Protein chains: 2
Amino acid sequence: MRVPKKERQTELQHTIEQNPFITDEALATHFNVSIQTIRLDRMEMKIPELRERIKHVATERLDDVRTLTENEVIGDMIDLKLDTSAISILEILPEHAFSRNAIARGHILFAQANSLAIALIDDELALTTKANVQFTRSVHVGERVVAKAFVSSHRQDGRSDINVESFVGDECVFIGEFTVYRSSKEESR
Amino acid sequence: MRVPKKERQTELQHTIEQNPFITDEALATHFNVSIQTIRLDRMEMKIPELRERIKHVATERLDDVRTLTENEVIGDMIDLKLDTSAISILEILPEHAFSRNAIARGHILFAQANSLAIALIDDELALTTKANVQFTRSVHVGERVVAKAFVSSHRQDGRSDINVESFVGDECVFIGEFTVYRSSKEESR
DNA sequence: ACTACTATTAGTACCAGGTGATAATGGTAG
DNA sequence: CTACCATTATCACCTGGTACTAATAGTAGT
């Protein structure tokens, strides 16, 4: 016997996990057993076949929480009064946090607040020019962060000041003051 | 004839692009032609078969720049002197930017700077507690942002102040002052 | 030593979703 | 009427499997 069955199976699981693109044939030669043994192992471990695995990876990618990219707003917007106030919720997932301690990275909370502030401005172009932020409590994986943004002033020079406060439950975890540049619309033209 | 060949082919391309998981058979019934016609079309348009398309989507996902998540540092660190200074480079990709105008979202630049500041601190735990940032020039897709961070002070209370300046060429695009909390190591215990 | 049981291997039929090649049909334009 | 293109039909074959049946090897229990 090359390697006890149990050992082989757990190793098999690992091998497939970090390389889902491997065929049964390759696994068979790798573990120096027949292809049928590999199939039996997959059955017992309920590991799907190659094509199913690939499909899974692909679909996962498509409906990915392509979290801080691609989406216009980071988190789910649950309320929006243009030029006035907005609220979004973001659940902290493991990929948002440091793996060592499961504390959300600062720029995740910043991104939620910043994208909310930008979404609040009803203009073709809105760009953050300045921000002043404080992280008042660390946020852990699994917690849901509710960000509340409101416009404190629309200045004459085409800038708006927006305050954002984020909460977990009733605890404030983030405070930010954003200055956003907005391009025309009610102004020139 | 149902639809002219050319028209069908361009439409085919679109259909497959936004749903790579469709089989030739489904396409055939959809366009009301034979399966062979679909295959000929794919040949001419050099569109690979279903399984290849799925595999492509899946592999694309694996070497994804899972930009603001998962990576410890956003961008590529090219220099690091612990507790002193660090430099990282980030190329702005379309997914980092607003689709309307190809200008990088503010939180992308913030994330680069913030993660660099955190990486700079040689401690088990380092958390941003405060940040003060300015976006001095908008950054466009294709530009490479070089962030330079240096520690301005290690305070007695377990906090460090870090300044970050980001450049595109010799133009400053971002200025940030970060206050980072570091947990012990040289302190208590 | 005989049996029971488990692990492994082998072999067969079948499946999806194709490739590749060859050939037959159906307009349609010159 | 013919030449040409688009379309369709067949057929053999491929990969990477599933599902099932059966044979073989090794080991433990009694």
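In what follows, the accompanying structure is described.

## What about the protein's contact with DNA strand D?
Here comes step 1: Not every one of the 16 residues close to DNA strand D is listed here, only the nearest: L50(A), R51(A), R8(B), Q36(B) and T37(B).
Here comes step 2: Between DNA strand D and the protein, one listed contact pairs a sugar or linking oxygen with a side-chain N or O atom of R39(A) at 3.4 Å.
Here comes step 3: Secondary-structure elements contributing two or more residues to the surface near DNA strand D are α3 (35–45) and α4 (50–62) of chain A together with α1 (5–18) and α3 (35–45) of chain B.

## Details of the pairing of strand β2 (residues 85–91) of chain B
The side chains of a regular strand alternate, residue by residue, between the two faces of the sheet.
Residue and element names in this part refer to chain B.
Here comes step 1: By the criterion of burial, β2 is predominantly enclosed, with five of the seven residues buried.
Here comes step 2: Note: strand β1 (residues 76–81) against β2, five bridges, orientation antiparallel. Bridging across to β2, K81 finds its partner in S85.
Here comes step 3: Between β1 and β2, which pair antiparallel in sequence order, lie three residues; one of them, D83, sits at a positive phi of approximately 65°.
Here comes step 4: As judged from the seven bridges shared by β2 and strand β4 (residues 144–154), these two strands associate in the antiparallel manner. Within β4, the position partnered with S88 by the bridge is A147.

## Some remarks on α3(B)
A turn of α-helix holds 3.6 residues, and therefore any two residues three or four places apart point the same way.
Residues and elements named next belong to chain B.
Here comes step 1: If you check which residues of α3 are buried, you get I38, D41 and R42. Relative to the axis of α3, the buried residues are bounded by an arc of 100° and lie together on one face. Residues of α3 that are exposed and point over 90 degrees away from its buried face: Q36, L40 and M43.
Here comes step 2: Immediately downstream of α3, the backbone of K46 shows phi near 55°, a positive value.

## What to know about the protein's contact with DNA strand C
Here comes step 1: Looking at DNA strand C, there are 16 residues lining it, with R8(A), S34(A), T37(A), L50(B) and R51(B) nearest.
Here comes step 2: Those atoms of DNA strand C that come within 4 Å of the protein belong to sugar or phosphate at a rate of 71%.
Here comes step 3: One of the backbone nitrogen or oxygen atoms of D24(B) is found 3.0 Å away from a phosphate oxygen of DNA strand C.
Here comes step 4: L50(B) has a polar backbone atom sitting 2.8 Å from a phosphate oxygen of DNA strand C.
Here comes step 5: Its residues assigned to classes, the surface near DNA strand C shows four nonpolar, four polar and eight charged.

## What to know about unusual backbone geometry
Note on backbone geometry: most residues besides glycine have negative phi, and most peptide bonds are trans.
Here comes step 1: Look at K46(A): it is not a glycine, yet its phi comes out positive at around 55°.
Here comes step 2: With respect to the helices and strands, the residue K46(A) is situated in the loop between α3 and α4.

## Considering the packing of α1(B) against α3(B)
Residue and element names in this part refer to chain B.
Here comes step 1: As a packed pair, α1 and α3 sit with axes 10 Å apart at the nearest point and diverge in direction by 80°. In terms of axis orientation, α1 runs roughly perpendicular to α3. In this structure, α1 contributes K5, R8, Q9, T10, L12, Q13 and I16 to the contact, and α3 contributes T37, I38, D41, R42, E44 and M45.
Here comes step 2: Here the contact of α1 with α3 is built from residues that sort into four nonpolar, four polar and five charged.

## Considering the pairing of strand β6 (residues 171–182) of chain B
Residue and element names in this part refer to chain B.
Here comes step 1: With nine bridges joining them, strand β3 (residues 126–135) and β6 adopt antiparallel strand pairing. For N132, the partnering residue across the bridge sits in β6 and is E177.
Here comes step 2: Where strand β5 (residues 159–168) lies against β6, 10 bridges are found, and the strand directions are antiparallel. Looking at the pairing, S160 lines up with V180 of β6.
Here comes step 3: Here β5 folds back onto β6, and the loop between the two strands holds two residues, one of which, G169, carries a positive phi near 65°.

## Some points on the environment of V73(A)
Here comes step 1: Note that V73(A) resides in the loop between α4 and β1 (76–81).
Here comes step 2: Remark: the alpha-carbon pair of V73(A) and A117(A), spanning 44 residues in sequence, is separated by 9.4 Å.

## A closer look at the nonpolar core
Here comes step 1: Core analysis: the biggest nonpolar cluster contains 70 residues, and F178(A) and F178(B) have the highest contact counts within it.
Here comes step 2: F178(A) has contacts with F110(A), A113(A), N114(A), A117(A), T128(A), K130(A), A131(A), V133(A), S160(A), D161(A), I162(A) and V164(A), leaving out every residue within four places of it along the chain.

## Quick notes on the packing of aromatic side chains
Here comes step 1: Tallied over the entire structure, the rule returns five aromatic pairs over all chains.
Here comes step 2: Taken together, a centroid distance of 3.5 Å and an interplanar angle of 5° make the contact between F110(A) and F110(B) stacked. In this pair, F110(A) is assigned in helix α5 (residues 106–120) and F110(B) in helix α5 (residues 106–120), connecting two distinct chains. When sorted by exposure, F110(A) lands in the same class as F110(B), which is buried.
Here comes step 3: Their ring planes at 55° and their centres at 5.5 Å tell us that F110(B) and F178(B) sit as a pair that is tilted.

Conventions adopted
Residues numbered from 1 in each chain as written. Chains lettered and ligands numbered in written order. Predicted model: local features only at pLDDT ≥ 70, side-chain atom pairs only at ≥ 80, totals over all residues. Heavy atoms only, no water. Near = heavy atom within 4 Å. Polar contact = N/O pair within 3.5 Å; in protein donor to acceptor, adjacent residues only side chain to side chain. Helix = DSSP H or I, 4+ residues; strand = E, 2+ residues; numbered from the N terminus. Buried < 20%, exposed > 50% of the residue type's maximum accessible area, 1.4 Å probe, protein only. Pairing = 2+ DSSP bridges. Arc of directions from axis to C-beta. Nonpolar A, V, L, I, M, F, W, Y, C, P; charged D, E, K, R; others polar. Axes fitted to C-alpha atoms, helices over the stretch in contact; angles between N-to-C directions. Parallel < 35°, antiparallel > 145°, perpendicular 65-115°, else oblique. Contact = heavy atoms within 4.5 Å. Core = buried A, V, L, I, M, F, W, Y, C linked by side-chain atoms within 4.5 Å. Phe/Tyr/Trp six-rings, centres within 6.5 Å; stacked < 30°, edge-to-face > 60°.

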